[in-house]
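# Architecture at a glance
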Amino acid sequence: MENGHAKYRVAVIGSGNWGSVASRLIASNTAKLPSFYDEVRMWVFEEILPTGRKLSESINEQNENCKYLPGIKLGTNVIADPDLESAVKDANMLVFVTPHQFVEGICKKLVGKLTPGAEAISLIKGMEVKMEGPCMISKLIADTLGINCCVLMGANIANEIAVEEFSEATIGYRKDKEVANRWAKLFTTPYFLVSVAEDIEGVELCGTLKNIVAIAAGLVDGLDMGNNTKAAIMRIGLREMRAFSKLLFPSVRDNTFFESCGVADLITTCLGGRNRRVAEAFARNGGKRSFDELEAEMLRGQKLQGVSTAREVYEVLTYRGWQELFPLLSTVHEICIGQLPPTSIVEYSEHTPNLSIIGGHTPFY
Ligand SMILES: NC(=O)C1=CN([C@@H]2O[C@H](COP(=O)(O)OP(=O)(O)OC[C@H]3O[C@@H](n4cnc5c(N)ncnc54)[C@H](O)[C@@H]3O)[C@@H](O)[C@H]2O)C=CC1
Ligand SMILES: O=C(CO)COP(=O)(O)O
């Protein structure tokens, strides 16, 4: 507490492409706003660079992440720390931003290590499928660590935000608007406008599911189909995103799909994202080179989320008998695993079933 007011210390867990940009954005605000400590600790999954140097040391020396965000200064108040426990020490605002497949292991290491009363926000686009069913990443963080966790999603291609091009984002929260507003204050800059929505599942599912649609858009690009086809894929994808989200969580609001986290993120990722780019290469190679191989070659350490999310969603669809209701989401997975050729992405619509069968109610479509 300072002058009777709480003062907040921020730690960022993750230092990939978006993790580095988010740290830079946040640090530009903590340096200015009196309610936050200047320093932002950024946890780094340690790597040895080709030069033989440790990535964390290189970041602190150059004030730049030469592997995941070359050419951009992070701000001198961003301190890279390869020790997870030390990175979160005394922090009461925790920003989770790693590829989704690593978050469970990270959370397990953090159990019992957090400052009491710490709050979290997840910038991670993805989900886990457990025995009990699908689990959103914010819930995984909240349940494993016993803390409240908001989400921030949006049309946020990191490299564009790094050079301060105008973007918007949506914070999803469950009940506590005051906490959501505090997160919004931490992230908002003149070039990064943040709004809040009391629909955490809707916001997070938008960010998660659009990565599958972006794979479909990339396949269409790789097959040299035109803008009309891509627009159709985006429209059908958005429709399936909304239907799937509402089936999982009936509380999900239609309006959420019109926020930055919804239609805007879908558009930007289908036009300029990594999922789109690698899927295009996959289709150009006729599906003969795997996504894993192309990811390693094209992204050099950055990670795709769409392929594993397609698998996770497919597990939910098959388990619940919903596969036929979601032809686009299902087809993307079947293409990714080589069960169908890339050209199937535009063939499925012939088999689109009568979608009004869901629970005998008016269809979501
Ligand atoms: N890059 C972007 O434009 C955006 C990314 N996102 C989301 O943010 C999340 C994080 O993405 P990025 O920061 O771009 O990461 P990235 O794609 O650059 O991923 C690489 C990161 O994973 C780390 N890593 C590798 N192996 C690891 C392990 N075993 N354990 C822990 N960490 C490991 C690497 O050190 C590196 O920090 C993802 O869910 C992504 O969908 C959201 C908006 C924009
Ligand atoms: O989520 C993103 C933009 O909002 C980035 O998407 P990609 O991971 O496909 O680059």
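Quick caveat, the model's predicted, so the values are computed rather than measured. (Residues numbered from 1 in each chain as written. Chains lettered and ligands numbered in written order. Predicted model: local features only at pLDDT ≥ 70, side-chain atom pairs only at ≥ 80, totals over all residues. Heavy atoms only, no water.)

Here we take up the UniProt feature "domain: Glycerol-3-phosphate dehydrogenase NAD-dependent C-terminal" (unreviewed entry) in the protein chain. Here, UniProt's "domain: Glycerol-3-phosphate dehydrogenase NAD-dependent C-terminal" (unreviewed entry) annotation points to residues 199-347. The distance separating the terminal C-alpha atoms of residues 199-347 is 34 Å; by composition the span is 69% helix and 0% strand. (UniProt positions renumbered as here; feature names shortened; annotations may be inferred. Helix = DSSP H or I, 4+ residues; strand = E, 2+ residues; numbered from the N terminus.)

Okay, the packing of helix H8 (residues 200-222) against helix H9 (residues 227-248) next. Packing of H8 against H9 leaves a shortest axis separation of 9 Å and a crossing angle of 155 degrees. By the angle between their axes, H8 is roughly antiparallel relative to H9. In the crossing of H8 with H9, the sense of the turn from one axis to the other is right-handed. Together, Leu 205, Cys 206, Leu 209, Lys 210, Val 213, Ala 216, Ala 217, Val 220 and Asp 221 of H8 and Thr 229, Lys 230, Ile 233, Met 234, Gly 237, Met 241, Phe 244, Ser 245 and Leu 248 of H9 make up the contact between the two elements. Partitioned by chemical class, the residues of the contact of H8 with H9 number 12 nonpolar, three polar and three charged. (Axes fitted to C-alpha atoms, helices over the stretch in contact; angles between N-to-C directions. Parallel < 35°, antiparallel > 145°, perpendicular 65-115°, else oblique. Left-handed = near helix turned anticlockwise from the far one by under 90°. Contact = heavy atoms within 4.5 Å. Nonpolar A, V, L, I, M, F, W, Y, C, P; charged D, E, K, R; others polar.)

Once that is clear, we can look at the state of the cysteines. Tallying each qualifying case throughout the model produces zero disulfides. Of the cysteine sulfurs around Cys 107, a residue in no disulfide, the closest is that of Cys 149, at 8.2 Å. Look at Cys 107 and you get buried, because its relative accessible area is 0%. (Disulfide = S-S within 2.5 Å. Buried < 20%, exposed > 50% of the residue type's maximum accessible area, 1.4 Å probe, protein only.)

What follows covers the UniProt feature "active site" (unreviewed entry) in the protein chain. Here the UniProt feature "active site" (unreviewed entry) sits at Lys 210. With respect to the helices, strands and loops of the structure, Lys 210 is situated in helix H8. Accessibility expressed as a relative area gives 4% for Lys 210, which makes it buried. In this structure Lys 210 touches Lys 125, Met 241, Asp 265, Leu 266 and Thr 269, once residues within four positions along its chain are discounted.

Looking now at the domain arrangement of the protein chain. Split into domains, the protein chain comes out as domain 1 (8-198) and domain 2 (210-360). Between domain 1 and domain 2, the C-alpha centre-to-centre distance is 26 Å. In this complex, domain 1 contributes 23 residues to the contact, which on the side of domain 2 involves 27 residues. Carbon and sulfur atoms supply 59% of the area buried between domain 1 and domain 2, which totals about 1900 Å² over both sides. (Domains from an automatic or database assignment. Buried area = accessible area lost by both parts, 1.4 Å probe.)

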